[in-house]
Amino acid sequence: MSLPENVSLDFVRSIVAADLKSGKYQGRVHTRFPPEPNGYLHIGHAKSICLNFGIAAENEGGLCNLRFDDTNPCKEEVEYVESIKEDVRWLGFDWGDREYYASDYFDQLYEWALQMIRDGKAYVCDLTAEQTREYRGTLTAPGKNSPYRDRSVEENLDLFERMHSGEFPDGSRTLRAKIDMAAPNMNLRDPVMYRILHASHHRTGDKWCIYPMYDFTHGQSDSIERITHSICTLEFENHRPLYDWYIDALGIYHPQQIEFARLNLTYTVMSKRRLLELVTAGHVRGWDDPRMPTICGLRRRGYSPEAIRGFCERIGVAKFNSTIDIQLLEHCLREDLNKTSPRVMGVLRPLKLVIDNYPEDLVEQMDAVNNPEDPKAGTRKVPFSRELYIEQDDFLEDPPKKYFRLGPGREVRLRYGYFVKCTDFVKDEATGQVTEVHCTYDPETRGGDNPPDGRKVKGTIHWLSAAHAVKAEVRLYDHLCTKEDPSDVPEGGHFTDNLNPKSLEVLTECLVEPSLASAAPGDRFQFERQGYFCVDPDSTADRLVFNRTVTLKDTWAKIQKRE
């Protein structure tokens, strides 16, 4: 796949194009997506996935590796590894046989650490973590050299090999690069390369009790894999000089690190640490809770990979951080689901409607369009009978101006059915709620067509046959947070103070068309006039469960809000 010649390139693709033109990497384009297996991927990772795999796909012979940055055994789990692979595949990308792990390179990284000690570019330091921070200095004041900085090569080799053999306890010693404690970039102030950590690794077991730091692993892993363009988010911009320093100090193949702005969304928590807190504290049901911005959560909610890829393409790639309105993501979602989702009728809050002049034993099969955006989708049969269910808010005892649904003496069109006119209604004496609406129908309007006398109605409502409708549970999801910036809290506050107590409403007495009886988890539909819904994995043979993916644009709600 290649981009059309007239398409303007973002700055990352422009760099790649210039390198191809100059022959910098002998015409190669080789990227990588390097997640840490310490949590589930979220919508921000989707942007990076689309960028890295996309650039590889757009250039002839381009490749993209999937590499797990598994250098912290205390936080990594096989569960996260498998979920990441599932998410990348679901988004529509494949890494072929190029599935790698930083732990694949632990032996080589250890040898390179020994080389740097021999070259006088690394030393074993006995400072505690707190002392290391004190010696590091500040943004305005230089750091000071560790008292262990000038150890001999022989002593450093001996200590590092003893660190490797497990002789010392956790945190007692580190291996540090010898760069410059007065460097303006604090990442160059003798950064830690290795720390002691007696912990089992999900792939290497107990082979290692020292583990390399991310900065010592990242660039060298890129080098081993012959990556051409190492594309990272902006927080790694200040790490690029260290990335370059390590590779140059070792004299190995040198990829190019490029930084782009990460994705921030309104009303959305994007910190993996905070997402973990939401899960562990029970604020959500799990990583795949449909309110979560995780890819598995979005998938469960009913998002399509095409919608997410389209969103990532639309927001583009920039050099400066900004926040994207979540309405743009929802717009991309509606745009895709509108084209692909079969239309069905679902009644979320049922109100019985009886057609008094309709034959009691008659059941007609009405033709309903499956998808007006796709003529090939055809039609389906929907049963129609004397007793129906409509939405509670499709009837008002005293309807206001601009309300065009049912009311006393009012006539509406039943979608694919008939014109019906309200003649009476029944109320619960205790609550005052309307429990039943009575109507008459016009047999000349079958299919919802206008009658021979030419009269027209302004309102069309959906319905279900009482005898044929299938019971379902429907979960209505809203934004998880009440503020555009979830971290906007007063001093002493916590981001969870901004959690939306109404982010989930569960309706247990809903009804759907009989055609949905065999719907499977993951199937997506548009409930006409309601929104887009997806079958949840909690569904059973006896009871369907639907998640609302996103609402439709609601003209009446806008009028109410304006008034």
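Residues numbered from 1 in each chain as written. Predicted model: local features only at pLDDT ≥ 70, side-chain atom pairs only at ≥ 80, totals over all residues. Heavy atoms only, no water.

A. Representation of the overall build of the protein. A count of helical and extended segments in the protein gives 13 helices and 27 strands. The C-alpha extent of the protein, read off along each of the three principal axes, is 100 × 55 × 45 Å. By residue count, 52% of the 563 residues in the protein fall in the buried class. Counting only contacts in the protein whose residues sit at least 6 apart along the sequence, the fraction spanning at least 24 positions is 70%. By element, 47% of the accessible surface of the protein is carried by carbon and sulfur atoms, the whole surface being about 26,200 Å². Here the protein holds 73 positive side-chain charges and 90 negative ones, and the gap between their average locations is 4 Å. (Helix = DSSP H or I, 4+ residues; strand = E, 2+ residues; numbered from the N terminus. Buried < 20%, exposed > 50% of the residue type's maximum accessible area, 1.4 Å probe, protein only. Contact = heavy atoms within 4.5 Å. Areas by Shrake-Rupley, 256 points an atom, 1.4 Å probe, with all protein chains shown as cover. Lys, Arg positive; Asp, Glu negative; His and termini not counted. Charge placed at Lys NZ, Arg CZ, Asp CG, Glu CD.)

B. Looking closely at the pairing of strand β4 (residues 122-125). Residues A122 and V124 line one face of β4 and the alternating positions Y123 and C125 line the opposite face, and both faces are buried. In the sheet, β4 pairs with strand β5 (residues 174-177) via 4 bridges, with the strands oriented antiparallel. Directly across from A122, in β5, lies its bridge partner A177. (Pairing = 2+ DSSP bridges.)

C. Examining the sheet that holds strand β18 (residues 411-414) more closely. Taken together, the 7 strands give an open sheet; going across it, the order is β21-β18-β19-β20-β14-β17-β22, and neighbouring strands pair in mixed fashion. This sheet does not close on itself; its edge strands, each paired only once, are β21 (460-461) and β22 (464-465). Where strand β14 (residues 350-355) meets strand β20 (residues 434-442), 4 bridges bridge the pair, whose relative direction is parallel. Paired with L353 across the strands is V437, a residue of β20.

D. Molecular detail of the nonpolar core. Counting residues in hydrophobic clusters, the biggest one holds 38 residues, and the most contacted among them are I43, I49, V88, I308 and F311. Secondary-structure elements contributing two or more residues to this core are α2 (43-58), β2 (63-68), α3 (78-90), β10 (263-265), α10 (295-301), α11 (305-315) and α12 (326-340). Element by element, the count of residues in this core is highest for α2, at 6 residues. When neighbours within four sequence positions are excluded, V88 is seen to be in contact with F33, L41, I49, F53, F93 and W95. Listed in part, the 36 residues of the second largest apolar core include M116, L188, I210 and I247. (Core = buried A, V, L, I, M, F, W, Y, C linked by side-chain atoms within 4.5 Å.)

E. The packing of helix α4 (residues 106-118) against helix α8 (residues 240-250), seen in detail. Running from N to C, α4 and α8 point in directions that differ by 75°, and their axes come no closer than 10 Å. Here α8 runs roughly perpendicular to α4, going by the angle between their axes. Here W112, Q115 and M116 of α4 lie close against α8, whose contacting residues are W245, Y246, A249 and L250. Among the residues making up the contact of α4 with α8, the classes are represented as 6 nonpolar, 1 polar and no charged. (Axes fitted to C-alpha atoms, helices over the stretch in contact; angles between N-to-C directions. Parallel < 35°, antiparallel > 145°, perpendicular 65-115°, else oblique. Nonpolar A, V, L, I, M, F, W, Y, C, P; charged D, E, K, R; others polar.)

F. View of the packing of aromatic side chains. As enumerated under the stated definition, the model contains 25 aromatic pairs in all. Their ring planes at 25° and their centres at 5.2 Å tell us that Y110 and F160 sit as a pair that is stacked. With Y110 in helix α4 and F160 in helix α6 (residues 153-165), this pair connects stretches of sequence that are 50 residues apart. Each of the two residues, Y110 as well as F160, counts as buried. Both rings, one in F525 and one in F546, keep their centres 6.5 Å apart while their planes meet at 70°; by these two values the pair is edge-to-face. Here F525 is found in strand β25 (residues 524-527), whereas its partner F546 is found in strand β27 (residues 544-551), with 21 residues between them in sequence. Here F525 falls in the buried class, since its relative accessible area comes to 9%. Residue F546 is classed as buried on the basis of its relative accessible area, which comes to 0%. (Phe/Tyr/Trp six-rings, centres within 6.5 Å; stacked < 30°, edge-to-face > 60°.)

G. Region of interest: the sheet that holds strand β1 (residues 30-33). Overall, parallel pairing links the 3 strands, which are arranged β1-β2-β3 in an open sheet. For this open sheet the edge positions go to β1 and β3 (99-101), each flanked by a neighbour on one side alone. Direction aside, the axes of adjacent strands within the sheet are offset by 35° on average. The strands touched by α2 are β1 and β2; relative to β1, the strand with the most contacts, the crossing angle is about 160°.

H. Local environment of unusual backbone geometry. Positioned with a positive phi, D190 is a non-glycine residue whose angle comes to about 45°. On the secondary structure map, D190 appears in the loop between β5 and β6 (192-196). We note that Y267 has phi near 60°; this positive angle belongs to a residue other than glycine. You can see Y267 is positioned in the loop between β10 and α9 (272-280). We classify Y267 as partly exposed; its relative accessible area is 23%.

I. The arrangement of α6 in detail. Under the 1.5 Å per step criterion, the end-to-end length of α6 is 18 Å for 13 residues, consistent within 8% with the ideal 18 Å. When we look at burial in α6, the residues that qualify are N156, L157, L159, F160 and M163. Its buried side turned inward, α6 meets α4, β4, β5, β6 and β7 (210-212). Immediately beyond the C-terminal end of α6, within one or two residues, lies G166, with a positive phi of roughly 90°. (Expected span 1.5 Å × (residues − 1).)

J. Geometry of the state of the cysteines. Under the defined criterion, the tally for this structure stands at 0 disulfides. Note on C64: no disulfide assigned, nearest cysteine sulfur contributed by C50 at a separation of 11 Å. The class of C64 is buried, set by a relative accessible area of 3%. (Disulfide = S-S within 2.5 Å.)

K. Molecular detail of the environment of V369. By the element assignment, V369 lies in strand β15 (residues 364-369). Residues V369 and V344, 25 residues apart in the sequence, show an inter-C-alpha distance of 8.7 Å. Excluding residues within four positions of it along the chain, V369 makes contact with R343, G378, T379, R380 and Y416.

L. Seen up close, the side chain of R386. Note that R386 resides in the loop between β16 (379-384) and β17 (387-391). At a separation of 3.4 Å, a polar atom in the side chain of R386 contacts the main-chain carbonyl oxygen of Y358. Ignoring any residue separated from it by four or fewer positions in sequence, one finds R386 in contact with L353, V354, I355, D356, Y358, P359, E360 and L362. (Polar contact = N/O pair within 3.5 Å; in protein donor to acceptor, adjacent residues only side chain to side chain.)

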